[in-house]
Amino acid sequence: MDDLREKYLTLIKDAGDESGLEELRVQAVGKKGEISLKMRELGKMTPEERQVAGPALNALKDEINAALAAKKAALADAALEERLASEWLDVTLPVRPQRRGSIHPISQTMEEISAIFADMGFSVAEGGQIENDWYNFDALNIPGHHPARAEMDTFYMHRDAGDNRPPHVLRTHTSPVQIRHMEAHGAPCRIICPGRVYRADYDQTHTPMFHQFEGLCIDKDISMANLKWTLEEFVKAFFEVDHVELRFRASHFPFTEPSAEVDIQCSWEGGVLKVGEGDDWLEILGSGMVHPKVLQNSGIDPNEWQGFAFGVGIDRIAMLKYGIPDLRAFFDADLRWLRHYGFNSLDVPALHSGLSR
Ligand code: PHE
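Procedures and definitions
- Residues numbered from 1 in each chain as written.
- Predicted model: local features only at pLDDT ≥ 70, side-chain atom pairs only at ≥ 80, totals over all residues.
- Heavy atoms only, no water.
- Near = heavy atom within 4 Å.
- Polar contact = N/O pair within 3.5 Å; in protein donor to acceptor, adjacent residues only side chain to side chain.
- 1 Å grid on protein atoms, 1.4 Å probe; cavity = no way out; pocket = protein on both sides within 12 Å on 5 of 7 lines; lining within 4 Å.
- Sits in = over half its atoms within 2 Å of the grid points.
- Helix = DSSP H or I, 4+ residues; strand = E, 2+ residues; numbered from the N terminus.
- Nonpolar A, V, L, I, M, F, W, Y, C, P; charged D, E, K, R; others polar.
- Core = buried A, V, L, I, M, F, W, Y, C linked by side-chain atoms within 4.5 Å.
- Buried < 20%, exposed > 50% of the residue type's maximum accessible area, 1.4 Å probe, protein only.
- Contact = heavy atoms within 4.5 Å.
- Axes fitted to C-alpha atoms, helices over the stretch in contact; angles between N-to-C directions.
- Parallel < 35°, antiparallel > 145°, perpendicular 65-115°, else oblique.
- Expected span 1.5 Å × (residues − 1).
- Arc of directions from axis to C-beta.

**As for the site of the ligand**
At step 1: The environment of the ligand is made up of 14 residues, and the closest members are His173, Ser175, Arg199, Gln212 and Gly311.
At step 2: Gln212 is positioned such that a nitrogen or oxygen atom in its side chain is 2.9 Å from an oxygen atom of the ligand.
At step 3: Put simply, the ligand lies in the largest pocket.
At step 4: Counting residues per element, the shell around the ligand draws most heavily on strand E10 (residues 306-313), which supplies three residues.
At step 5: For the shell around the ligand, the residue count by class is four nonpolar, eight polar and two charged.

**Thoughts on the nonpolar core**
At step 1: Grouped together as the largest cluster of nonpolar side chains are 44 residues, with contacts concentrated most on Ile113, Phe117, Phe213, Phe234, Ile264, Phe310 and Ile317.
At step 2: Contributing elements (two or more residues each) for this core: helix H5 (105-119), strand E5 (209-219), helix H9 (224-239), strand E7 (256-267), strand E9 (280-290), E10, helix H11 (314-322) and helix H12 (335-341).
At step 3: Setting aside chain neighbours within four positions, we find Ile113 in contact with Ile192, Phe213, Phe234, Phe238, Ile314 and Ile317.

**Re the packing of H9 against H11**
To characterise two packed helices, one gives the angle between the axes of the helices and the distance between these axes.
At step 1: Where H9 meets H11, the closest approach of the two axes is 10 Å, and the angle between their N-to-C directions is 45 degrees. In terms of their interaxial angle, H9 and H11 are classed as oblique. In this structure, H9 contributes Phe234, Phe238 and Phe239 to the contact, and H11 contributes Ile317, Leu320 and Lys321.

**Quick look at H9**
At step 1: Helix length check: H9, at 16 residues, gives a terminal C-alpha distance of 23 Å against a target of 22 Å (1.5 Å per residue), a fit within 8%.
At step 2: At the N-terminal boundary of H9, the capping side chain belongs to Ser223, with an oxygen 3.2 Å from the backbone nitrogen of Ala225.
At step 3: After H9 finishes, the residue Glu240 shows a positive phi value of roughly 55 degrees.

**Description of helix H2 (residues 18-29)**
At step 1: For H2, which comprises twelve residues, the first-to-last C-alpha distance of 16 Å matches the rise-based estimate of 16 Å (1.5 Å per residue) to within 8%.
At step 2: Those residues of H2 that fall on the buried side of the exposure criterion are Leu21, Leu24, Ala28 and Val29. One side of H2 carries all its buried residues, which in axial view fall inside an arc of 90 degrees.

So this is what it looks like as structure tokens:
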């Protein structure tokens, strides 16, 4: 028995891998293993002999099994150590210099707009993209029969048959944020409201979802002159030029009186869009003095307060500034386009450091 113990403990100690170890197990304590065969011989012994040999054989079997288990664990540990050493990775290496993601030109443009208006004392307000028709239309002095409702190509939310509650719509402009803001905060106020708006329209300069920002300035003595100055300052700062030709055209909106649409001078030569030259005009915004009824609908006394409002197409001015000829490309999610027109995520637009370096 001592020979057997010596033999197997040595063999186990020297085993190189798990399959070798398994062979040893079978050879020693498997069904026909050397130790198992010895145990069968117990039957041929005298009771006295058996009393000594039985426990000794059992103890030997336990010892061999324990040695096998310990060696198996040691082999597994060694394998893991080896794998950890070979798959070693230095996480302190600096990141690769290639730019992965980029800021979409629309997001960039919104940041630039916010920076410019923040500098003029405007804060940013936001509203929901689903509105009820009071906020999107009625409160803005667009009653049910008004042609402006049809002109807007509104998307109406689904209503179950027999549901006669006022419909919800995907907001067709950011103007409802005017009402919600005045209702909640009163006058005076100075805000811009950037966001998504929706109309059923699709061609080179229209997409069913697009972006606007609303401007609203209410105080005791705000006039059309303030509106004109504000828009001119904005356009110059946004296009990063000293001079841009704007065209104010008398217009009509139910929620402003008087109203003006503003076009910006541009050229489309060779499919390239350029601002401040040529003899084309692109309409970029609608504006005017807030209609007294709109103030009233928002809980503000029109005899005490007055002001201007405007709504600008963000996509339009982004196209103009960055020379993007087709609006639809903004929303195609084409990686090559995004890499070409996208902005570095670490450059935050600010007036003092240059808006769009
Ligand atoms: N809401 C108008 C539009 O979407 C724009 C506008 C806003 C006009 C504010 C005047 C005042 O066309």
